[in-house]
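# Structural characterization, general
Single-letter residue listing:
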Amino acid sequence: MTQANAASDERIVQFRSDGLSVTPAAYARLLAEIAETRGIAADDYSRDGVVAELEARMATLLGKEAAIFLPTGTLANHLALRLLARNGRRILVQRESHLYNDEGDCAQQLSGLTLVPLAAGRASFTFDEAAAEIAGPPDARVAIPVGAISIETPVRRMSGAAFDFAEMSRITEFARERGIGLHLDGARLLIEAVYTGIAPAEYAGLFDTVYVSLYKYLNAASGAILAGPRVLLDGLFHQRRMFGGGLPHVWPYAAVALHYLEGFAERFAAAAADFDRLLGALSDHPLATIERSPAATNVAVLTLVGDNAAALPGRLLAQGIAIRPPRRTWPSGAEFALHANETILRRPLGEIIRQFVAALDLA
């Protein structure tokens, strides 16, 4: 890649994902820079070195005694539930959660757990819904205990809506009193904290274990952190390897995640503020409407009317602005999901607004 192309990539503003969408060339350059400036201590089968440094930093951030690197969030969620479902094989989950929809039924197939889905079409289930499932049918002839509850927040399938914190607090207190394990799928938790003002450790304090993604917005090529009490996580590297997740070397993931973790909350807060101002400008356009739930985090839905609405991504890309293809189209309009991330800070906001509005004009 030429220097000109690299510079062009670094000016792209994209609303397609939670992170920077770092190119392979940029990733390689960053690893070289980190190695030269702060150094990278290699790991051995995902243990020690920079991996241990990242685990310690994340454990502190989340207010937990320990943390372990895992190659994927799917494995993090699965291993957490295996650990927590001690008093029953039923797991309460959201119907729209990643665990229920996007993990290949791994908990059911590999660990004999039964996922009980709640709150179809909603980000949050209520205390009453959870309590009813925990109580079970009034005429049940055999015990069907709930062993754990898994809560995802924010919920990707609900356009990044956050789980209601007051309900979360009531549910977790009720469950803890009954010896029910509690897991937080907080893949995007550090993003949610920017929007709610609730510290990651305050969320995590309600749960036994918490998973946070390393690739979605900390820009590692892959990886996840599972944090929790030391008594649960000590020795978990054996199960990690049993499930094929004991990778020989993951320092390229850990070093980059550690790099972007520094100052993340401040940078993303600035990006979120610019994104809000952009949405305000777009909502003033006569052909556009912006939909955002009260519980929204960094995702908004843009609806554009016009015969050429579906061609919006191409018009924007010509200006160095990237969005996803429409998630829904009809003859006279289209709907797009827009994701806030740090790339909005690459260029003056006024320039981005002018170019976006000009592309809307051609719908």
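We now turn to the structure provided with this report. These numbers come from a predicted model, not from an experiment. (Residues numbered from 1 in each chain as written. Predicted model: local features only at pLDDT ≥ 70, side-chain atom pairs only at ≥ 80, totals over all residues. Heavy atoms only, no water.)

## Focus: the sheet that holds strand E12 (residues 328-330)
Let me state the cut-off plainly: One bridge is not enough; two strands pair if DSSP finds at least two bridges between them. Counting from the N terminus, the helices are the DSSP runs of H or I reaching at least four residues and the strands are the DSSP runs of E reaching at least two. Helix axes use the C-alpha atoms of the stretch in contact, all axes being lines fitted to C-alpha atoms, and the angles between their N-to-C directions lie in the range 0 to 180 degrees. Any two residues whose heavy atoms approach within 4.5 Å are treated as being in contact.
With respect to topology, four strands assemble into an open sheet ordered E9-E10-E13-E12, the strand pairing being antiparallel. Edge strands, defined here as strands with exactly one partner in the open sheet, are strand E9 (288-291) and E12. For this sheet, the mean inter-axis angle between neighbouring strands, taken without regard to orientation, is 20 degrees. Where E9 lies against strand E10 (residues 299-305), four bridges are found, and the strand directions are antiparallel. Looking at the pairing, Ala288 lines up with Leu304 of E10. Its contacts with the sheet place helix H14 (residues 264-283) against E9, E10 and strand E13 (333-339), and it is angled at close to 140 degrees to E9.

## Things to note about the packing of helix H7 (residues 127-135) against helix H8 (residues 165-177)
Our working definition: Roughly parallel means an angle under 35 degrees; roughly antiparallel, over 145; roughly perpendicular, 65 to 115; everything else is oblique. Handedness of a crossing is defined here by the sense of rotation of the near helix relative to the far one, left-handed for an anticlockwise turn of less than a right angle and right-handed for a clockwise turn. Under the grouping applied here, Gly and all other residues not named as nonpolar or charged are polar, the nonpolar ones being Ala, Val, Leu, Ile, Met, Phe, Trp, Tyr, Cys and Pro and the charged ones Asp, Glu, Lys and Arg.
Between H7 and H8, the shortest axis-to-axis distance is 9 Å and the interhelical angle comes to 20 degrees. Our classification of the angle between H7 and H8 gives roughly parallel. Remark: the crossing between H7 and H8 carries right-handed chirality. For the pair H7 and H8, the contacting residues are Phe127, Ala130, Ala131 and Ile134 in the first and Glu167, Arg170, Ile171 and Phe174 in the second. Per-class residue counts for the contact of H7 with H8 are six nonpolar, no polar and two charged.

## Observations concerning the pairing of strand E7 (residues 209-213)
Put simply, the rule reads: Note on classification: 1.4 Å probe, protein chains only; a residue is buried when its accessible area is under 20% of the maximum for its type, exposed when over 50%, partly exposed between these limits.
Counting buried positions over the five residues of E7 gives five, a clear majority of the element. Because side chains alternate across E7, one face comprises the buried residues Thr209, Tyr211 and Ser213, and the other comprises Val210 and Val212, equally buried. Strand direction decides the pairing type here: strand E6 (residues 181-185) and E7, joined by three bridges, are parallel. Note that in E7 the partner of Asp185 across the bridge is Tyr211. Pairing analysis gives four bridges linking E7 to strand E8 (residues 224-228), with the strands arranged antiparallel. Each bridged residue has a counterpart across the sheet, and for Val210 the counterpart in E8 is Ala227.

## Concerning the environment of Arg86
Worth spelling out the cut-off: N or O atoms within 3.5 Å of each other form a polar contact, as long as, within protein, one can give a hydrogen and the other can take it, and as long as residues adjacent in sequence are counted only when both atoms are side-chain atoms.
Mapping Arg86 onto the fold places it in the loop between helix H4 (73-84) and strand E3 (90-94). Since its relative accessible area comes to 52%, Arg86 is described here as exposed. Separated by 87 residues in sequence, Arg86 and Glu173 place their C-alpha atoms 18 Å apart. A polar contact is formed between the side chain of Arg86 and the backbone oxygen of Leu83, at a distance of 3.3 Å.

## Overview of the nonpolar core
Keep this limit in mind: For our purposes a nonpolar core is just a set of buried Ala, Val, Leu, Ile, Met, Phe, Trp, Tyr and Cys residues, chained together by side-chain atoms within 4.5 Å.
Among the nonpolar cores identified, the biggest contains 59 residues, and Phe125, Ile149 and Leu218 are the most heavily contacted of them. Counting residues per element, this core draws most heavily on helix H13 (residues 251-261), at seven residues. Contacts of Phe125, omitting those with residues within four sequence positions, involve Val93, Gln94, Leu118, Ala119, Ala130, Ile149, Ile151, Phe163, Glu167 and Ile171. Membership of the second largest hydrophobic core comes to 27 residues, among which are Phe15, Leu278, Leu349 and Ala359.

## Considering the side chain of Asp43
The following threshold applies: Charged-residue counts in this description rest on Lys and Arg as positive and Asp and Glu as negative, His and the chain ends being excluded. Salt bridges, as used here, are contacts in which a Lys or Arg side-chain nitrogen is within 4 Å of a carboxyl oxygen on Asp or Glu.
Mapping Asp43 onto the fold places it in the loop between helix H2 (24-37) and helix H3 (49-62). At 7.6 Å, Arg240 is the nearest oppositely charged side chain to Asp43, a buried residue that forms no salt bridge. At a separation of 3.0 Å, a polar atom in the side chain of Asp43 contacts the main-chain amide nitrogen of Ser46. With sequence-adjacent residues up to four places away left out, Asp43 is seen in contact with Asp48, Val51, Leu247, Pro248, His249, Val250 and Trp251.

## A look at the environment of Gly205
Position of Gly205 relative to the elements: it lies in the loop between helix H10 (200-204) and E7. Counting along the chain gives 33 residues from Gly205 to Thr172, while the straight-line C-alpha distance between them is 10.0 Å. Residues within four places of Gly205 in sequence aside, it is in contact with Lys64 and Arg176.

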